[in-house]
Amino acid sequence: MAIDFNKNDEPDLRSEQECFPDVDPGVEILGDRVLVQLRREKTTSKGGIILVDETKQTLRYNETVAKVISIGPLAYKSPDDLTPWPEGPWCKVGDLVRTIKYGGDRFVVQPDDEGAPVVFITLQAREVISKIKSFEYAQKMKAFVD
């Protein structure tokens, strides 16, 4: 089950900064690509139990909530004449989005704060599948496995 609607589940109570720390990905996005930063994996369970590396890695690669970091110059434009899509871009830098689970080019950056690694994905613009209305909604969204 991809989404858990159990009312007893607690939302992710971390702050937006904890979920999406400021980390330089070290890349410049080209073409029709979008660079997103996945929500950082949790290091402890709701009850305060420290999660083992295998569990954290499972959470990391099942995560689909992301923050748009950069958009390539050709994203959301017609490949024929480079005119903007009639409906406009699907997202902008800073938006919270849902991405496809499999696909894109994933890479990991270890931040200076000694915390959990930060995962970035370079996606095709069309692989951003939805825009999340607010961080509060994002806090309620879970990874495929929790």
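Everything below is about the structure shown above.
A brief report on the enclosed structure follows. (Residues numbered from 1 in each chain as written. Predicted model: local features only at pLDDT ≥ 70, side-chain atom pairs only at ≥ 80, totals over all residues. Heavy atoms only, no water.)

**Notes on the overall build of the protein chain**
Logical step 1: Secondary structure assignment for the protein chain yields 3 helices and 6 strands.
Logical step 2: Each helix (α) and strand (β) of the protein chain, taken in turn from the N terminus, gives the series α-β-α-β-β-β-β-β-α.
Logical step 3: Per-residue burial for the protein chain yields a buried fraction of 40% across its 146 residues.
Logical step 4: By sequence separation, contacts in the protein chain at least 24 residues apart represent 73% of the contacts at least 6 residues apart.
Logical step 5: Counting only carbon and sulfur atoms, one obtains 54% of the accessible surface of the protein chain, whose full area is about 8800 Å². (Helix = DSSP H or I, 4+ residues; strand = E, 2+ residues; numbered from the N terminus. Buried < 20%, exposed > 50% of the residue type's maximum accessible area, 1.4 Å probe, protein only. Contact = heavy atoms within 4.5 Å. Areas by Shrake-Rupley, 256 points an atom, 1.4 Å probe, with all protein chains shown as cover.)

**Considerations on the side chain of Thr99**
Logical step 1: Looking at the element boundaries, Thr99 is found in strand E3 (residues 96–99).
Logical step 2: Residue class for Thr99 comes out buried when judged on its relative accessible area of 2%.
Logical step 3: In contact with Thr99, other than residues within four places in its own chain, are Val36, Leu38, Thr64, Ala66, Ile121, Leu123, Glu127 and Ile129.

**Things to note about the pattern of salt bridges**
Logical step 1: Going through the model one piece at a time under the given rule, you end up with 5 salt bridges.
Logical step 2: Residues Asp113 and Arg40 are paired through a salt bridge, measuring 2.9 Å at the closest nitrogen-oxygen approach. With Asp113 in the loop between strand E4 (105–109) and strand E5 (118–124) and Arg40 in the loop between strand E1 (33–38) and helix H2 (53–62), this residue pair connects regions lying 73 residues apart in the sequence.
Logical step 3: The exposure class of Asp113 is partly exposed, given its relative accessible area of 45%.
Logical step 4: In this structure Arg40 comes out as buried when scored by relative accessible area, which is 10%.
Logical step 5: Residues joined in a network through salt bridges with shared partners are Lys92, Asp95 and Lys131. (Salt bridge = Lys/Arg side-chain N within 4 Å of Asp/Glu carboxyl O.)

**Description of the sheet that holds strand E2 (residues 65–71)**
Logical step 1: In space, the 6 strands of this open sheet follow the order E4-E5-E1-E2-E3-E6, with antiparallel pairing throughout. Edge positions in the open sheet fall to E4 and strand E6 (128–131), since each of these has one partner strand only. Going across the sheet, the axis of each strand differs from the next one's by a mean of 40°, ignoring polarity.
Logical step 2: Pairing analysis gives 5 bridges linking E1 to E2, with the strands arranged antiparallel. Along E2, the bridge assignment pairs Leu38 with Ala66. (Pairing = 2+ DSSP bridges. Axes fitted to C-alpha atoms, helices over the stretch in contact; angles between N-to-C directions.)

**Quick look at the pairing of E3**
Logical step 1: Alternating residues of E3 divide into Leu96 and Arg98 and Val97 and Thr99, and every residue in both groups is buried.
Logical step 2: With 3 bridges connecting them, E2 and E3 associate as antiparallel partners. Its bridge partner being in E3, Ala66 is matched across the sheet by Val97.
Logical step 3: The pairing of E3 with E6 spans 3 bridges and is antiparallel. Pairing of Arg98 across the sheet is with Ser130, part of E6.

**Focus: the packing of aromatic side chains**
Logical step 1: Going through the model one piece at a time under the given rule, you end up with 4 aromatic pairs.
Logical step 2: Judged by centre distance (5.2 Å) and plane angle (90°), the rings of Tyr76 and Trp85 are edge-to-face.
Logical step 3: On the numbers, 5.1 Å between centres and 65° between planes, the contact of Trp85 with Trp90 is edge-to-face.
Logical step 4: The class for Trp90 is partly exposed, based on a relative accessible area of 35%.
Logical step 5: Chaining the aromatic ring pairs together yields one cluster made of Tyr76, Trp85 and Trp90.
Logical step 6: The ring of Tyr137 has Lys140 sitting right over it, with the charged end atom 5.7 Å from the ring centre. (Phe/Tyr/Trp six-rings, centres within 6.5 Å; stacked < 30°, edge-to-face > 60°. Lys NZ or Arg CZ within 6 Å of the ring centre and 35° of its normal.)

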